[in-house]
Amino acid sequence: MDFEALEVYKKRFWLNPVLFLEISRIKSGISKCALPQKVFEPDFSVYEKLNSKFARFMNGECEAEELYKTAEVVEKTAINTLNPVLLEAISELELRLTPVVVFASRVLKRKLFYSEIQFFISKNAADLKKLRRLDRKIIEGKIEFGKGRDRLIKIEGEILGYPECCVDKYIESKKTFPAESRLITECIENGIFDQVLKAFRESRIISLPQFFTSNFYPCSVECKRAEKVGLKIEEWLDEYRDAFRLWSMVNALYHLVVGYKASKVEDDFGRRLRSYYSGLESRDLEVIEALSPHTANLTEFSNLFIKRVLQFRENQKD
């Protein structure tokens, strides 16, 4: 870690550990951008204006040009409703936060549009222009939805520093077995869930570098490229590497909890998972149950978890 970045980290890190762990991917040279989840939440009134205009567009009551002019205003307004201390910290690291309004869903298999503001951190906001242009082409029908969505995923994967093999596998999942379902199955078969549960029982910090960020699905739990990304982040973080390791553990636990919920559903996938979860010890199920309410906002839980564990260890040293 370079000296200036280290000083900012020491000064600001505990404000929001997940945010700074995401930023480390840029500062270590792995990616052009970062897309922190649930860190920046603009005032609800910003979404009201955006959703209202989007509804009018979908009902044929206004043109795309009007929709995107509103989106530009919303992007500028959104910045002014965010935490100024975090914005200052980002600036101190010679980075900038850029809100980007998008409408084409990258998540679900089916064709779906909805209004969303994504908050990218980058050195150069010009890297996000491709996303804006392509998203508009999709919603205007100038490019077929599936083809456009795949291109969006490709562009996002590239600027976020994700391994190409993982991005391609995620695109493939839109036509076949869902990426998250595949990953849960692999975590069971390869003992990842057992490994992280054992670490929790023994109060140990372990590294699962392939889970270097949330909302990322490695092409395999044994993907060497994904592991290499995580290990490079660890190396760059230096004295904060245990924070990264704790975050990787929480990211793996998230999939464990999602699998647990799926095991209760009466379908083929649920039945396949049930034998694993029914064989867990009660103390392991307690960990799953404790984390379950927090899956909607994993960032908030991760920040609290990282702070408590590492600050407790510091107090023990003293």
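Up top is the structure these notes are about.
Keep in mind the model is a prediction, meaning the values are calculated, not measured. (Residues numbered from 1 in each chain as written. Predicted model: local features only at pLDDT ≥ 70, side-chain atom pairs only at ≥ 80, totals over all residues. Heavy atoms only, no water.)

Draft legend 1. How the structure looks around the overall build of the protein. Tallying secondary structure elements over the protein gives 15 helices and three strands in all. Here the C-alpha radius of gyration of the protein, 20 Å, is about what a compact globule of 318 residues would show, namely 20 Å. Expressed as lengths along the three principal axes of its C-alpha atoms, the size of the protein is roughly 60 × 50 × 35 Å. Intrachain contacts of the protein at a sequence separation of at least 6 include 71% that bridge at least 24 residues. On the protein, roughly 15,600 Å² of surface is accessible, and the fraction owed to carbon and sulfur atoms is 48%. (Helix = DSSP H or I, 4+ residues; strand = E, 2+ residues; numbered from the N terminus. Rg over C-alpha atoms; globule rule 2.2 N^0.38 Å. Contact = heavy atoms within 4.5 Å. Areas by Shrake-Rupley, 256 points an atom, 1.4 Å probe, with all protein chains shown as cover.)

Draft legend 2. Here's a closer look at the packing of helix H10 (residues 192-201) against helix H14 (residues 282-291). Close contact between H10 and H14 brings their axes to 10 Å; oriented N to C, the two are set at 95°. In this view, H10 runs roughly perpendicular relative to H14, as classed from their interaxial angle. For the pair H10 and H14, contact is made by Leu 197, Phe 200 and Arg 201 and by Arg 283, Asp 284 and Val 287, respectively. Taken together, the residues of the contact of H10 with H14 break down into three nonpolar, no polar and three charged. (Axes fitted to C-alpha atoms, helices over the stretch in contact; angles between N-to-C directions. Parallel < 35°, antiparallel > 145°, perpendicular 65-115°, else oblique. Nonpolar A, V, L, I, M, F, W, Y, C, P; charged D, E, K, R; others polar.)

Draft legend 3. A look at unusual backbone geometry. With a phi angle near 60°, Lys 38 is a residue other than glycine that sits in the positive phi range. Structurally, Lys 38 can be placed in the loop between strand E1 (33-34) and helix H3 (44-58). Take Lys 38: its relative accessible area is 46%, and that puts it in the partly exposed class. (Buried < 20%, exposed > 50% of the residue type's maximum accessible area, 1.4 Å probe, protein only.)

Draft legend 4. The arrangement of helix H8 (residues 164-173) in detail. Those residues of H8 that fall on the buried side of the exposure criterion are Cys 166, Val 167, Tyr 170, Ile 171 and Ser 173. The buried residues of H8 occupy one face: seen down the axis, they fall within an arc of 155°. Lining the buried residues of H8 we find helix H7 (145-159), helix H9 (179-189) and helix H11 (224-237). (Arc of directions from axis to C-beta.)

Draft legend 5. The arrangement of helix H6 (residues 129-139) in detail. Along H6, the residues that are buried comprise Leu 131, Leu 134, Asp 135, Ile 138 and Ile 139. On an axial view of H6, the arc spanned by its buried residues comes to 130°, and they lie on one face. Summarising the contacts, the buried residues of H6 are in contact with H3, helix H4 (64-79), strand E2 (96-104), strand E3 (113-122) and H7. Just downstream of H6 lies Gly 141, where phi reads positive at about 80°.

Draft legend 6. Spatial organisation of the sheet that holds E3. Taken in spatial order, the three strands line up as E1-E3-E2 in an open sheet, and their pairing is antiparallel. Strands at the two margins of the open sheet, each flanked by one partner only, are E1 and E2. Sheet strands touched by H4: E2 and E3. Its angle to E2, the strand with the most contacts, is close to 145°. Where H6 meets the sheet, it contacts E2 and E3, and its direction lies at approximately 15° from that of E2. (Pairing = 2+ DSSP bridges.)

Draft legend 7. Representation of the pairing of E3 in the model. Within E3, eight of the ten residues are buried, which leaves the element mostly enclosed by the surrounding structure. Here E1 pairs with E3 via two bridges, running antiparallel. Residue pairing across strands places Ala 34 opposite Ile 121, the latter belonging to E3.

Draft legend 8. Main features of the environment of Ser 181. Relative to the assigned elements, Ser 181 resides in helix H9. Ser 181 gets classed as buried once you look at its relative accessible area, which sits at 15%. As for Ser 181 and Ser 52, which are separated by 129 residues in sequence, their C-alpha atoms are 34 Å apart.

Draft legend 9. Spatial organisation of the environment of Glu 61. Considering the arrangement of structural elements, one finds Glu 61 in the loop between H3 and H4. Exposure remark for Glu 61: the relative accessible area of 47% places this residue in the partly exposed category. Sequence-wise, Glu 61 and Ala 252 are 191 residues apart; in three dimensions their C-alpha atoms are separated by 45 Å.

Draft legend 10. Representation of the packing of aromatic side chains within the structure. All told, the structure shown has 17 aromatic pairs when counted by the stated rule. Consider the rings of Phe 13 and Tyr 240, whose centres lie 4.6 Å apart with planes at 35°: the pair is tilted. With Phe 13 in the loop between helix H1 (3-12) and helix H2 (17-27) and Tyr 240 in the loop between H11 and helix H12 (241-262), this residue pair connects regions lying 227 residues apart in the sequence. Following the ring pairs from residue to residue traces out a cluster consisting of Phe 13, Trp 14, Phe 20 and Tyr 240. (Phe/Tyr/Trp six-rings, centres within 6.5 Å; stacked < 30°, edge-to-face > 60°.)

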